[in-house]
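The chain contents come next:
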Amino acid sequence: MTSWAVTVFRRLIIIGVALTCTWDTGRAWADGLESALMPGQVIQGHAKWEDDCAKCHKRFDKTAQSRLCLDCHKVIRQDVERKERFHGRQMEQRECKDCHSEHKGRTEQIAWINESIFDHQQTDFTLRGAHADSRKAECKACHKPTLKYREAPSDCLSCHKKDDKHKDKFGEKCAECHTENNWKEIVFAHDRDTKYPLLGKHKMTKCERCHIGHLHKEHLKTDCFSCHKKDDYHKGVFGQICASCHTETDWKMPSFDHDKDTKYPLIGKHKTTKCESCHKTPVAQSKTPTVCYACHKEDDKHEGAFGQQCESCHAERDWKTSLFDHDQNTTYPLRGKHKTTKCDRCHKVPSTKEKTPTTCFACHKKDDAHEQGLGDQCERCHAEQSWRETQGRFDHAKTRFRLLGKHLDAGCKDCHADQRYIPTPIECNACHSKVDVHKGALGKQCESCHSETRWKAADRFDHDKTRFPIHGGHMIVRCKDCHADQRYRPTPSNCYACHKSDDKHHGRFSEKCELCHTDRLWDDITFKHNRHTKYPIRGLHEKVRCGDCHKGQLYKDKTPTACSACHRREDIHNGVFGEKCESCHSEKGWKLSTFDHDRDTKYVLFGRHMEVKCEECHTLPTAQGKTPTVCLACHRKDDPHKDQYGDKCESCHIAKSWKHSMFDHDRDTPYPLRDMHRSVRCQNCHKGRLYKDKTPTACQICHRKDDAHKGRFGVRCETCHKEMKWKPVLFDHDRLTRYPLRGRHVVTNCERCHTGHLYKDKLSTDCYSCHQKDDKHDGQEGRRCEACHTEERWREVVFDHETSAFPLRGAHEIAPCNKCHDKPTFKDTPSSCFSCHEKEDIHKRRLGTGCQACHNARNWKLWEFDHNTRTRFILDGAHEALDCYACHNKPAGKRITTSGACMACHRKEDRHEGGFGPQCDRCHITAAWKTVKPGSAIPRK
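The shown structure was predicted, so the numbers you read here are calculated from the model rather than taken from an experiment. (Residues numbered from 1 in each chain as written. Predicted model: local features only at pLDDT ≥ 70, side-chain atom pairs only at ≥ 80, totals over all residues. Heavy atoms only, no water.)

Student: Give a description of the overall build of the protein chain that names residues and reports values.
Tutor: Looking only at helices and strands, the protein chain features 37 helices and zero strands. The C-alpha atoms of the protein chain give 60 Å as radius of gyration, which overshoots the globular expectation for 941 residues (30 Å, by more than 25%). Taking all contacts inside the protein chain whose residues are at least 6 apart in sequence as the whole, residues at least 24 apart take part in 42%. A total accessible area of about 76800 Å² is found for the protein chain, and carbon and sulfur atoms account for 54% of it. One finds the centroid of the 169 positive side-chain charges in the protein chain at a distance of 1 Å from the centroid of its 139 negative side-chain charges. (Helix = DSSP H or I, 4+ residues; strand = E, 2+ residues; numbered from the N terminus. Rg over C-alpha atoms; globule rule 2.2 N^0.38 Å. Contact = heavy atoms within 4.5 Å. Areas by Shrake-Rupley, 256 points an atom, 1.4 Å probe, with all protein chains shown as cover. Lys, Arg positive; Asp, Glu negative; His and termini not counted. Charge placed at Lys NZ, Arg CZ, Asp CG, Glu CD.)

In structure tokens, the structure reads:
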């Protein structure tokens, strides 16, 4: 029977004896039984549910306890379900009671955290940089005593607000620019992390120069005008897109090129003209005109007669010099006397209103001596040089049929027999149909071949414009050689039609002679086997004639490209290596092998394998079977292990030397050999087949006889012992367990605490389980002995009164403990001042029992109570000189309930005998009772 069961049994006997002596109700019995069975008091946070056991325990179901815990602690439940924070990141979900044991007293800390071994990576805030250095950042710097660990802020500004030189203007996302390693190290790259790369002088500008307001709340504009509005000496005329002219490198040097960036290039004097001369209004409001007349209207001496297209006559280089060429720029060229005629003589009205006529009759109607008898086309006979000269002035070139060659010698009557010029045919065939030797085979367009100079010579015909252009040797061939009947359609254009007799291949290479031969020289071969086919010619193949390979029809019979098709007789391997000869041999030389076994196969040759001939391994043709690559396929006779270690010989042996082993047990297996294990032979551990029978790695399998603990400490011997020496124990209790050893515990033997099985019997870590006999408080102070005692010395008390509900201040700090705690039960000690200093109360309880309202522990006689700020009744006027006892004259409890109404003290002085009610302060003031407030409408005496 355990000690806990004995204690419960004794309490049941005492309760039974007590109930036989004193008969009470059923409730007294239940309360007594519950308090007897309860192991101890719960913590202060659970005290209100101490009487309701079903809140945390479910009858006959121990596994439901953790579920009931999570029903109250919903925040922890949420962490577990989402697998976040400390509880959700645990690899193994344990019961709540394993870490948080209850019924150990009101002041028990059941959620303790060892700061020295706590792994912060299991939380949502991993410590990095300076945060991970315990010398720079302590736990209490972020985890305040008044807050829970989960309530600790994770943002930078919560801790480093004093270090914020930006005065909260750059927001709370400090990690965007700073790192945990060094606060002054800036990792923010404006070019990479924003859409606005810094160029030129912007790189040297401080952040505060542009980011004046809040970084994230106030959107910063990226246009130049928002920052450089004061620097705009154009006064907004050129708009707000400054980047079109200026750059970040130098503001004063404009990069705007008017010729490239606009549709109006600057020429002549426009290059030296200032921008403001043309751009007088903002470019965004109105488009700047590009016509000359818009700016040079005042300079127009023609007064608009020639329209607004000044550039047709004038240039930007010199305004006075006219560049207008009437012959090129108009449809009316000036000739004869028209060249010396002034412009105003013909252009009398603006060209935009009325078009200037170009007919002679429009200007020379008065000079017509024929009185319109010959019509109004004067230019047919007359010329501009001399109006009177008419002979030979008719220019046939201005008609649809221009006279050239021998047509110039022909008389007008030869074509115009009836002297009726319209209509007269202009086709050659109309006059020369009798001379057509082609008999109409080439159509009626004689001018495509013949000219007016020589009819018999086809000077104009270009054979390159036909479907058969003339090149090379064809250029010296006469037309009759191909066109014997002078009927050019249809004439064959393929080579074989004319050169069939010249074919030395006798039709085996088809009729497409142009694939190999050219019309420049028949013996010149242009066919390139490497470029025009999928089979390139290399090495000795370049000297082979075409007929040696192409023995049948070139395009009908497909020529094989495999080496064995031609060189089967020369195969000395007799087909063992297959038909892919090119994998080893090349066209340069058949005996020279280019095969690289390391590069061209998956089996690299090492050591002795490089000296072995190919036929020793490749004994069968590749088409019949694949050559094996395992070692035992060739070296089964050389295996001294008799197939015990499997067929993976390469895991230990190498091809350089069979006896030399390269197997590294530490590198090639998950079980590294250390110290004593290095000198053990392989057969001592590997007694069965190496790969079929798995070799155990537990120490207990081999060293069961050496176990001095008789199996009580389990089979994980490596947690305490090492391979170098079995007897020295290297187990680190502080690092590998949740209970670090300190003080006297360091020199205590393991068997002193671990009396049962190490892993099966769970050992409690509270002090009370081992030191119950040393408890002078009889369990009334709970089981948290470490709150007052240490492992160094049990009798030395290190209790910090500041962590209790009653911190010591002033004279309380030097007072001995037994002055207040006269019994070992410290929890029953009252904390109110009146409980200890009732005899020292000179007020006789007239000012209540809350002494701390006026006095402090530093000096009892110091008076710090301010009636005006601490109460609702302000002392002014005659009330300031009164003694406290004048109003507080009766004993009071913890709360003083003295009335603040005037009538409570001044009822005898009421001259109105209650006629004006109890609210005396409506009319009277405390400075002088007889003085009445202005506006009270009471007659003054």
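Student: Could you give an account of the confidence of the model for the protein chain, with specific residues and numbers?
Tutor: Mean pLDDT over the protein chain works out to 78, with 91% of the residues at or above the 70 mark. pLDDT under 50 marks residues 12-34. Its contacts with residues more than four places away, or in other chains, come to nine contacts. (pLDDT = per-residue confidence, 0-100.)

Student: Describe the pattern of salt bridges, naming the residues involved and giving the relevant values.
Tutor: Across all of its chains, the model carries 17 salt bridges by this definition. Here Asp548 ties to Arg545 by a salt bridge, and the two come within 3.8 Å at their closest N and O atoms. Looking at Arg545, the relative accessible area reads 63%, which means it is exposed. Note that Arg809 is salt-bridged to Glu802, the shortest N-O span being 2.8 Å. Overall, Glu802 belongs to the partly exposed group, its relative accessible area being 38%. (Salt bridge = Lys/Arg side-chain N within 4 Å of Asp/Glu carboxyl O. Buried < 20%, exposed > 50% of the residue type's maximum accessible area, 1.4 Å probe, protein only.)

Student: A description of helix α3 (residues 65-72) should follow, citing residues and the corresponding values.
Tutor: All buried positions along α3 are accounted for by Ser66, Leu68 and Leu70. Buried positions along α3 lie against α4 (74-82) and α6 (96-99).

Student: So what about the packing of α3 against α4? Which residues, and what values?
Tutor: Viewed as axis vectors pointing N to C, α3 and α4 meet at an angle of 110°, and their least axial separation amounts to 5 Å. Classified by the interaxial angle, the pair formed by α3 and α4 is roughly perpendicular. Contact residues: Arg67, Leu70, Asp71 and Cys72 in α3; Lys74, Ile76 and Arg77 in α4. Residues that form the contact of α3 with α4 fall into these classes: three nonpolar, no polar and four charged. (Axes fitted to C-alpha atoms, helices over the stretch in contact; angles between N-to-C directions. Parallel < 35°, antiparallel > 145°, perpendicular 65-115°, else oblique. Nonpolar A, V, L, I, M, F, W, Y, C, P; charged D, E, K, R; others polar.)

Student: Residue-level account of a nonpolar patch on the surface, with values.
Tutor: A cluster of nonpolar side chains, contributed by Met475, Ile476 and Val477, occupies part of the molecular surface with about 340 Å² of accessible area. By the secondary structure assignment, Val477 is in the loop between α19 (428-432) and α20 (479-482). Its relative accessible area of 36% is what places Val477 among the partly exposed residues. (Patch = residues over 30% accessible without salt bridge, like charges linked within 9 Å, V, L, I, M, F, W, Y side chains within 5 Å.)

Student: So what's going on with the side chain of Asp79? Residues and values would help.
Tutor: Take Asp79: it is sitting in helix α4. Setting aside chain neighbours within four positions, we find Asp79 in contact with Glu84, Arg85, Gly88 and Arg150.

Student: Explain the side chain of His550 to me, and be specific about the residues and the numbers.
Tutor: Along the chain, His550 falls in the loop between α23 (546-549) and α24 (563-567). Side-chain polar atoms of His550 contact the side chain of Thr559, separated by 3.0 Å. Non-local contacts of His550, meaning those with residues more than four positions away in its chain, are made with Arg508, Phe509, His529 and Thr559. (Polar contact = N/O pair within 3.5 Å; in protein donor to acceptor, adjacent residues only side chain to side chain.)

Student: Lay out the environment of His867 with the relevant residues and their values.
Tutor: Topologically, His867 is positioned in helix α35 (residues 867-870). Put simply, His867 and Gly547 are 320 residues apart on the chain and 129 Å apart in space, counted from C-alpha to C-alpha. Look past the residues within four positions of His867 in its chain and what remains in contact with it is Phe873, Leu875 and His888. A distance of 2.9 Å separates a polar atom in the side chain of His867 from the backbone oxygen of Phe873.

Student: Requested: an account of the environment of Ala698, with residues and values cited.
Tutor: By the element assignment, Ala698 lies in the loop between α29 (682-685) and α30 (699-702). Between the alpha carbons of Ala698 and Cys902 there is a distance of 92 Å; along the sequence they are 204 residues apart.

Student: Residues and numbers for unusual backbone geometry, please.
Tutor: Phi is positive for Arg85, close to 60°, though the residue is something other than glycine. Mapped onto the secondary structure, Arg85 falls in helix α5 (residues 85-88). Relative accessible area serves as the criterion here: at 30%, Arg85 is assigned to the partly exposed category. A positive phi is found at Lys844, a non-glycine position, where the angle reads about 55°.

Student: Account for the environment of Lys263, naming residues and giving values.
Tutor: The topology assignment puts Lys263 in the loop between α12 (258-261) and α13 (275-278). Residues Lys263 and Thr290 lie 27 residues apart in sequence; the distance between their C-alpha atoms is 9.3 Å.

Student: A description of the state of the cysteines should follow, citing residues and the corresponding values.
Tutor: The tally for this structure, following the rule as stated, stands at zero disulfides. The thiol sulfur of Cys513 is not disulfide-bonded, and the nearest other cysteine sulfur, from Cys495, lies at 5.0 Å. Cys702 provides the cysteine sulfur closest to Cys685, a residue in no disulfide bond, and the two sulfurs are 5.3 Å apart. (Disulfide = S-S within 2.5 Å.)

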